[in-house]
Structures are given as C-alpha cells and as structure tokens.
Amino acid sequence: MRIRKEEKITIIMGTLGLLLLLGVVYLSTVVQSPFSSTVGREGMYLLAGLINGAVAFAIFAQGWMLFTDKLSKQRLYSAVLFFMVGVLDMMHIASFCGVSLFGFMPGYELSVWFLFISHLIGAVGMLLIFSVPDKRVSRIHKAAAFASAAIVLVAGIGVLEMFQYELPQLLGAQAQETVKQAVWIVVPFLYGLGIFAILYRYRKERPPAALTIVCALLFLTIGHILLTAADPFGNGIAHLSGEWLKGLAYYYVLKGVYRLTIEEPFRGQQLAEAQMMHMAYHDDLTNLPNLRRLKEQLELHLSPEGKAGLCTGVAVININRFKAINDSFGYRAGDKLLTEVGARLSRRCLPEEGVYRMGEDEFAVTIPEYLDHRAIEIRALQLLKSINPLMTIEETEYHISLSMGLSIYPHDGSSVDQIIQNADMAVHNGKEQGMEFARYTASIKKRTQSRIELENDMRKGLDREEFFLEFQPQVSLETGRVVGMEALVRWNHPRKGLLSPGEFIPVAEDSGLIVPLGEWVLRTACQYNKKWQMDGYEPVCISVNLSMRQFRQHNLAEKVDCILQEVGLDAKYLELEVTESMTFDIDTAFDQLHRLKRLGVHISIDDFGTGYSSLNYLKTLPIDRLKIDRSFVKEVMLDGNGAAIVSTITTMAHHLKLKVTAEGVESQEQLEFLKLQNCHEGQGYLFSKPVPARLFERRFLTRFAG
Ligand code: C2E
Ligand code: MG
Ligand code: MG
C-alpha cells in the first residue's frame, strides 16, 4: 500500500503529539515549575487561552461570514460549535486566572466545569459533525443555528451568573468528582470515535482535508488529557502544554474545515470545469481538439488582427474506405485506426500546425501563415505523403489510404465556416473523382450544390411519386424461356428528365434516402409480381437490389416479411440481390442473410467478381445464386482472362450447387460461350433492355396454358 504525503504528515503529527504527551508527563514529575510566580504562570495561561479563543472565533467567523451562499452543514455547525466552545474556554480561562468576565467571578471550581463542558460539547460536536456526509444548508438554517447557540449560551451564562456562589455547594463534592471522571474518560473516547469515523468514511481515498481534521482530533485528545489530568497548581507544564496544544488543535480544525468545505469543493468544481472544458473542446476517442476548437483557433488566424497578407490553409483529411473497415473488422478496430491516424498526423505536423478531429473518419490540419498559397499546397501534399499507410489491425497489416481536401484563406473563403466547409467539399469531391488530393475550386462548390439539390429533389420526388420501375428479363440459357426479372429503379426528374440509378443511388445512399426509396422499390416490385400472378401469368421470380444501408438495418427481415404479407406474395417469388461488399463483416452478414432466408426468399450475389471476397464465405453464407458481373461477360470474347474468370466462377458455382446468372449478355457469341460453360441464366441487352411494366407484361410474360 502506498502512503501519500498527507498521510505521512498525519502519522508524524500523531507520533509527535504522543511523544509530547509522554515528554510532558515525564517533565511534570521531575521538573520544578518554570514559573517564578503564580502571576507569571497565570499570565501564560491567559495568553494561551486568549489565542485559543481567537482561533475558535476564527472558526466561527469562517462559517458566519465566508461564502455564505455556499454554506454547508459541516462549516455551519463547526462555526456554531466553536462559537460555544470559544465562549466556554474564555469563561474557563478568565475564571481560572481570576479575571472578572460578564460580571462574575466563579472561581476555580466553576472554571474546571467550564473546561469540562467545553471539552464535552467539543467532542460530541466534532463526532456528530464530521462522521456524517456534508450537505449544503440554507441561510435560514444558519440564522436558526446561531440564534439557538446564542440563546443556549446566554441562558447558560445567565443561570451561572445568578447561582455562581451557590452552584458548587448545590452539586455535592462526590457527584462532581464522578461526573468529572466520566467526562474525563468519555471525551477521549468520543474523539477516538470521531477519528475512526472519519478514517472509515474516507477509507478509499483520504483527502488531505479529512486528515487535517484527524490531526485536530488527535491534538484535542492529547490536549484534553494534559489539561484535565494534571494538577494545574503543580509545576504547570502539563496544563500549559495542554492549552497550547488545544490552540494548535483549533488551528487544525480551522484549516481542516476550510479545506474540507471551501477549498476542496472549489478545487473539485475547478477540476470539473476544466474537465468540461476539455470535453467541450476535445474528441473523446483520439483526445485531439475538436471542430469547436478548430473554429476558435482559425478565428485567431483569420481575424483582421491576424498577420495581414498571409495565407492560412485548412486541410480536411478523410480515411478512404473507413466504413468498410469498420464494418468488416468491427468498431474496436475502427477506433484503433482513427486513433492511430490522429497520432500519426500529430507526429508529422510542424509546431505551428494543428491537428483536429472533425468527426467520423475526418481530421483537419491547419497550416497557418504562409506567404503564398502554392507554398501551403506543397506543405499539405508533403504532409499527406509523409503518413505511413501501413497499419496493423487485429494483428494483420493493412494498407490504408487518405484523401485530402484543401482550402486556403483568403483565396477560398472569407470566414472560418466557409474555409472549413470548402475544404470538406474538396475532399469529398476529390474522393468521388478518385483523387487523393484536391484543392477547393468554384466548380467543386457547384457540383456539391447540385448534389445537395438532387438530394432535396429526391425527398420531394419520393412524395410526388416521380420514381418508377423498369424490368429486365432473366432468361434460362437451356430453354430460352423467361424465368425471372430484375426490378430496376428510374427517376422521372421534373427538370432533368429521366435519370438512371447511377446518377442518384450514390446520393440516396449518402443521405440515407435509400432506405425509404429501397422500401418503395421492394413493395412496388412485389406488387407488380403479385398482380401479374393474379392476372393469370405464369409466376416468375422478381429480383430486387438491396443497398448497403438497407442491408445494415437490423429489422430488414421483418420489413421484407411485412411487405410480403401486405402484398400477399409468396416469398419464393422474391430474390434479394446483395453485393460482395455487404459480406465483409461475415458474422453480421451471416445473421442477416439467415434471417432473410428463413422467410423463404432467394439470395443472390450481384456483380460477382468485382469486390474482393473470400471464397470461404460462399460456402458459409446461405446464398442461392451468383450473378457474374457484366465486365467479365463483356470480355469473354475479347481476351482469355475474361473467359477464364467466367469459366472459373461457373465451375465453382456448380461445385457449390449455386445457380449462375450472367449479366450484360449483349451478343450471340457471348451467349454461346456461356451455354458451353453450363451457365444457368442470362440477363442482358441481347434479350432485352430494362423495359416499363406494361411492355414487360406484353413481351415477356406468358399466360398459363390451362
Ligand atoms: P445491377 O443490379 O447490376 O443491374 C444491372 C444493370 O446493368 C442495370 O443498369 C441494367 O440496365 C444494366 N444492364 C443490363 N444488361 C446490360 C447489358 O447487356 N449491357 C449493359 N451495358 N448494361 C446492361 P441500371 O438500371 O442503370 O442500374 C445500375 C445499377 O444501379 C444496378 O446494377 C444496381 O446496382 C443499381 N440499382 C438499380 N436499381 C436499384 C434499386 O432499386 N435499388 C438499389 N439499391 N440499387 C439499384
Ligand atoms: Mg442487380
Ligand atoms: Mg449487377
């Protein structure tokens, strides 16, 4: 167990106190009185008594006057207690030294009583005050407590004054002696109890303030023993040491109460405020300053008082494919990656530059006060290149890549928000264009704005029913019959005309609108299929594409089930297309696909071969079909590689007992090749482009023979 400095001091003080006690006891027996006269001795008593009284009143003043709006029980009651103790001590010392106080001179007998009562009240009070938790009290509380104490004191002193000469006779000598003996024993016991209570209450961490009170109680105990055990008319050493020690104990009470009720809460408040400030201006995960701090720091650089004629750059840095890493390796790995990137950026930054975490997978670096913007561009690129891309995640080494967008004050914006926003725009735009570094330009702004517009239009478009479906047939290569269809969404934009999914699906995916849109597609596709079955056409399966966001919904299976129930379509006529990237996080994908599979729907992997997937998952996941991406089908007749890939995929699918559909079949030669590979089905312009529902119904659906 480690002993802290304060604890050491308390132990030393306690030991010194005990040594003093032993020393005084020894000296009292062997040494003659150091005082040449009674007057000298009483003068010393009086002096000590006055100092003790002054300290006791300081404790009272501390509760009466200081920070009364933050008054607590411990401070208030210790003030009240020492107000009473102080008065009693004064009465004791005055009557002991033969000084007339408040108009009466009770003599030695009563002076001893004042001392005993003072000690008893002090011991009981200290125990009650410091053995329970502290609490705030109101001003009314304060007034009531002091008024009660004053009334008790005035009444007590009044009674004593009235019966000052009769009292010693009233109490029999024997009774007085017994009571004194009892008090003599009870007081140290109460102090000891107080020490124990405090040490027990603060057993986990011992705040210095509580230890100061412990010291005070120790000194009070020793002081009490010295003052009450020795004969005051002996050589006077014990009595005087007791008085001085009591004074020291009062000082410790004063200090302890101050630390416990004023200093420590204030420190605690300061610490809490500092922590709150830190939290407000820092990111929890990386401990880097956050966007709020970035804005404040930039204000300093960009303010008119900042150095005129100098440029300041803000580079926003984004981790490419962060979402995929997070999804496939879990949040812990994602967090580790973010922390590491933050640390690497900080290490590479110059002292005048600052690294900030903007949120999610984005960081910002300020590059202040260069003479021209070219120099900032060079520095930003240098920083980007200096980051080591090799990261070890879950004991595997990965090559990460970063994208950077840069905007420079005053060229690219005149305000802090503009500069940050423009750098952010630049990085996102650069990413879309596949660039790792992009400086903000006006055209980037235009593109971003049109993207935002598109997002707004899409929101309205969903309500205004501007979306519709087209259907593309899937043909059995063996029989040539239409055995399925894929539903593909289209947008009839009020100003831009017909938009293909490539133009709006990424925006929908980014904005989250893909979820309601995807749900609409699923419901509408199921409705068409059901209607065609009701109209007497031979039932076929309809394929619907799922997006990453939809796939990540934990209640996807329930939603699909709900739609199937609502439409009344048998689940075996619905196929859901997922992509390889959705299966990165194999465990989550496994759960999700199994839940879907349990509904009875089919699952296919779309654009197969374009994502990098582990072949192992094909065995584990409950899938029915692979859809070979059209880029491979396109190449089958052009080069050997394409043909080899298609051939490998079909062979593998056969082994795994999966169905295979070739996408993008455009020519007869491709069809022949695919037939040779025993590919089950084909989809492509050779059979038909995606067509509207009416046309699909007319051209590709066959009525039941019966
Ligand atoms: P996909 O799921 O792979 O759909 C096939 C795409 O290939 C369709 O493009 C189709 O028109 C096109 N295609 C079919 N046969 C041929 C061909 O022989 N040659 C060529 N060059 N292209 C062919 P589309 O309709 O533009 O859709 C593109 C992608 O947008 C889809 O690829 C799919 O990933 C996504 N998409 C379409 N509709 C939806 C939807 O409702 N939800 C989601 N999440 N994504 C959708
Ligand atoms: Mg598809
Ligand atoms: Mg596809």
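To start, this report covers the structure provided alongside it. These figures come from a predicted structure and were not determined experimentally. In this numbering scheme, every chain counts its residues from 1 along its sequence in written order. Written order decides the labels, with chains lettered from A and ligands numbered from 1. Per-residue local features of the predicted model are confined to residues with pLDDT of at least 70, and side-chain atom pairs are confined, for both listing and counting, to 80 or more; whole-chain, interface and lining totals are unaffected and use all residues. With hydrogens and water set aside, each side-chain value is computed from the structure's full complement of heavy atoms.

Definition of nearness: a residue and a molecule or strand are near each other if at least one heavy atom of the residue lies within 4 Å of the molecule or strand. Neighbouring residues of ligand 1: 22 residues in total, closest Asn545, Asp606, Arg630, Glu666 and Tyr685. With respect to ligand 1, the side chain of Asp607 contributes an N or O atom lying 3.0 Å from an oxygen atom. Look at ligand 1: alone it shows 790 Å² of surface, and the protein chains cover 83% of it. Think of it this way: any DSSP run of H or I at least four residues long counts as a helix, any run of E at least two long counts as a strand, and we number them from the N terminus. Elements represented by at least two residues in the shell around ligand 1 include exactly strand E9 (482-493), helix H16 (501-511) and strand E13 (602-608). Split by residue class, the shell around ligand 1 holds 9 nonpolar, 5 polar and 8 charged. We call two N or O atoms a polar contact when they sit within 3.5 Å, provided that within protein one can donate a hydrogen and the other can accept it, with sequence-adjacent residues counted only if both atoms are side-chain atoms. In these tables, accessible area is a Shrake-Rupley quantity obtained with a 1.4 Å probe, and a residue counts as shielded only by the protein chains included in the view. Amino acids outside the nonpolar list (Ala, Val, Leu, Ile, Met, Phe, Trp, Tyr, Cys, Pro) and the charged list (Asp, Glu, Lys, Arg) are all regarded as polar, and Gly is one of them.

As a further point, take a nonpolar patch on the surface. A cluster of nonpolar side chains, contributed by Ile12, Leu16, Leu19 and Leu22, occupies part of the molecular surface with about 410 Å² of accessible area. Structurally, the position occupied by Leu16 is in helix H1 (residues 5-30). Burial status follows relative accessibility: with a 1.4 Å probe on protein chains alone, a residue under 20% of its type maximum counts as buried, one over 50% as exposed, and anything between as partly exposed. With relative accessibility at 48%, the residue Leu16 sits in the partly exposed group. A patch is a set of surface residues, each over 30% in relative accessible area and not in a salt bridge, joined within 9 Å for like charges and within 5 Å for the nonpolar side chains Val, Leu, Ile, Met, Phe, Trp and Tyr. In the sections that follow, a salt bridge refers to a side-chain nitrogen of Lys or Arg positioned within 4 Å of a carboxyl oxygen of Asp or Glu.

You can see Asn422 is positioned in helix H14 (residues 416-432). Here Asn422 falls in the buried class, since its relative accessible area comes to 3%. At a separation of 2.6 Å, a polar atom in the side chain of Asn422 contacts the main-chain carbonyl oxygen of Asp412. We call two residues in contact whenever any of their non-hydrogen atoms come within 4.5 Å of each other. The residues touching Asn422, leaving out its near neighbours within four places in the chain, are Ser407, Asp412 and Tyr440.

A few words on the sheet that holds strand E2 (residues 354-359). Strand pairing in a sheet takes place through backbone hydrogen bonds and is either antiparallel or parallel in direction. Only strands that DSSP links by at least two bridges are regarded as paired with each other. Pairing is mixed across the open sheet formed by 5 strands, whose spatial order is E2-E3-E1-E6-E7. At either end of the open sheet lies a strand with only one pairing partner, and these are E2 and strand E7 (437-439). The average undirected angle you get between the axes of adjacent strands in this sheet is 25°. Two elements, E2 and strand E3 (residues 362-370), share 5 bridges in a ladder whose sense is antiparallel. Only the stretch in contact is used when a helix axis is fitted, and all axes are lines through C-alpha atoms; the angle between N-to-C directions ranges over 0 to 180 degrees.

For the rest of this paragraph, the subject is the pairing of E3. The element E3 is largely enclosed, with a buried count of 8 among its 9 residues. Judged from the 7 bridges that link them, strand E1 (residues 311-319) and E3 form a sheet pairing that is antiparallel. Bridging across to E3, Gly313 finds its partner in Ile367. The antiparallel hairpin formed by E2 and E3 contains 2 residues in its connecting segment, where Glu360 sits at a positive phi of about 40°.

Let us now look at the pairing of E1. With 9 of 9 residues buried, E1 is to be regarded as a mostly interior element. Residues Cys311, Gly313, Ala315, Ile317 and Ile319 of E1 are buried on one face, and the alternating residues Thr312, Val314, Val316 and Asn318, pointing to the opposite face, are buried as well. Two strands pair when backbone bridges link them, and E1 and strand E6 (residues 402-409) are joined in this way by 8 bridges, in the antiparallel orientation. Within E6, the residue paired with Gly313 across the bridge is Ile408.

As a further point, take the coordination of the magnesium ion (ligand 2). Note on metal sites: the ideal angle is 109.5 degrees for four tetrahedral donors, and 90 or 180 degrees for six octahedral donors. Counted as coordinating are nitrogen, oxygen and sulfur atoms within 2.8 Å of the metal, or 3.2 Å for Na, K and Ca, while water is not included, which may make sites look incomplete. For the magnesium ion (ligand 2), the full set of protein donor atoms is Glu486 (OE), Asn545 (OD1), Glu577 (OE) and Asp606 (OD), at a range of 2.0 to 2.3 Å. In the primary structure, the donors to the magnesium ion (ligand 2) are separated according to the pattern E-x58-N-x31-E-x28-D. A gap of 4.1 Å separates the magnesium ion (ligand 2) and the magnesium ion (ligand 3), which Asp606 links by coordinating each metal. One end of the pair, Glu486, is in strand E9; the other, Asn545, is in strand E11 (residues 541-545), and 59 residues separate them in sequence. What makes Glu486 buried here is its relative accessible area of 4%.

Our next topic: the coordination of the magnesium ion (ligand 3). Distances from the magnesium ion (ligand 3) to its protein donors, namely Asp606 (OD), Asp607 (OD), Glu663 (OE) and Glu663 (OE), fall within the range 2.0 to 2.5 Å. Sequence spacing of the donor residues for the magnesium ion (ligand 3), all on one chain, is D-D-x55-E. In this structure Asp606 comes out as buried when scored by relative accessible area, which is 7%. Residue Asp607 is classed as partly exposed on the basis of its relative accessible area of 27%.

For the pair H1 and helix H9 (residues 237-281), the least separation of the axes is 9 Å and the interaxial angle reads 165°. By the criterion of interaxial angle, the relationship of H1 to H9 is roughly antiparallel. Judged by the twist between their axes, the crossing of H1 over H9 is left-handed. Along the contact surface, H1 presents Met13, Leu20, Val24, Leu27 and Ser28, while H9 presents Ile237, Ala238, Ser241, Leu245 and Tyr252. When its residues are assigned to classes, the contact of H1 with H9 shows 8 nonpolar, 2 polar and no charged. For this classification, under 35 degrees means roughly parallel, over 145 means roughly antiparallel, 65 to 115 means roughly perpendicular, and everything else is oblique. Crossing handedness follows the turn of the near helix against the far one: under a right angle anticlockwise gives a left-handed crossing, and clockwise gives a right-handed one.

Now for the nonpolar core. We call a set of buried residues a nonpolar core when its members are Ala, Val, Leu, Ile, Met, Phe, Trp, Tyr or Cys and they connect through side-chain atoms within 4.5 Å of each other. Residues Leu574, Leu596 and Leu626 are the most contacted members of the largest nonpolar core, which totals 77 residues. For this core, the leading source of residues is helix H17 (residues 514-534), giving 8 residues. The residues contacting Leu626, other than those within four sequence positions of it, are Ile605, Phe608, Leu618, Ile649, Met652, Ala653, Leu658, Lys659, Val660 and Thr661. Of all hydrophobic cores here, the second largest spans 44 residues; its members include Ala56, Val112, Tyr202 and Tyr250.

Applying the stated criterion across every chain, the model contains 27 salt bridges. Each member of the salt-bridge network shares a partner with another, and the members are Arg374, Glu377, Asp412 and Arg439.

For the rest of this paragraph, the subject is unusual backbone geometry. With an omega of 5°, the peptide bond between Tyr409 and Pro410 qualifies as cis. With respect to the helices and strands, Pro410 occurs in the loop between E6 and H14. Positive phi outside glycine occurs at Lys657, with the angle close to 60°. Within the fold, Lys657 resides in the loop between helix H23 (640-655) and strand E15 (659-663). Note on Lys657: relative accessible area 74%, which makes it exposed. The backbone of Asn678 shows a phi angle near 60°, a positive value even though the residue is not glycine. Mapped onto the secondary structure, Asn678 falls in the loop between helix H24 (668-676) and strand E16 (681-683). Classification of Asn678 as exposed rests on a relative accessible area of 53%.

We now examine the packing of helix H7 (residues 173-201) against helix H8 (residues 208-229). At a minimum axis distance of 9 Å, the contact between H7 and H8 shows a crossing angle of 170°. Comparing the axis directions of H7 and H8 gives the class roughly antiparallel. Where H7 abuts H8, its residues Val183, Trp184, Val187, Pro188, Tyr191, Gly194, Ile195, Ile198 and Leu199 lie against Ala210, Leu211, Ile213, Val214, Leu217, Leu218, Leu220, Thr221, His224, Ile225, Thr228 and Ala229. Each residue belonging to the contact of H7 with H8 can be placed in one class, and the counts come to 17 nonpolar, 4 polar and no charged.

Turning our eyes to something else, we now look at the environment of Gln62. Among the structural elements, Gln62 can be located in helix H2 (residues 38-65). Taking the C-alpha atoms as reference points, Gln62 and Thr221, 159 residues apart in sequence, are found 23 Å from one another. When sequence neighbours within four positions are dropped, the list of residues in contact with Gln62 reads Arg75, Leu254, Val257, Tyr258 and Ile262.

We now examine the packing of aromatic side chains. Any pair of aromatic rings gets described here by the distance separating the centres and the angle formed by the planes. Pairing of aromatic side chains requires ring centres within 6.5 Å, counting the rings of Phe and Tyr and the six-membered ring of Trp. Pairs whose planes differ by under 30 degrees are stacked, by over 60 edge-to-face, and all others tilted. Enumeration over the complete set of coordinates arrives at 18 aromatic pairs. Connected via pairs of aromatic rings, a cluster forms that spans Phe57, Phe60, Trp64, Phe83 and Phe146. Definition used: whenever NZ (Lys) or CZ (Arg) falls within 6 Å of the ring centre and also within 35 degrees of the ring normal, the charge is taken to sit over that ring. The aromatic ring of Tyr200 is capped on one face by Arg203, whose charged end is 4.1 Å from the ring centroid.

All we've got here are geometric facts, nothing functional implied.
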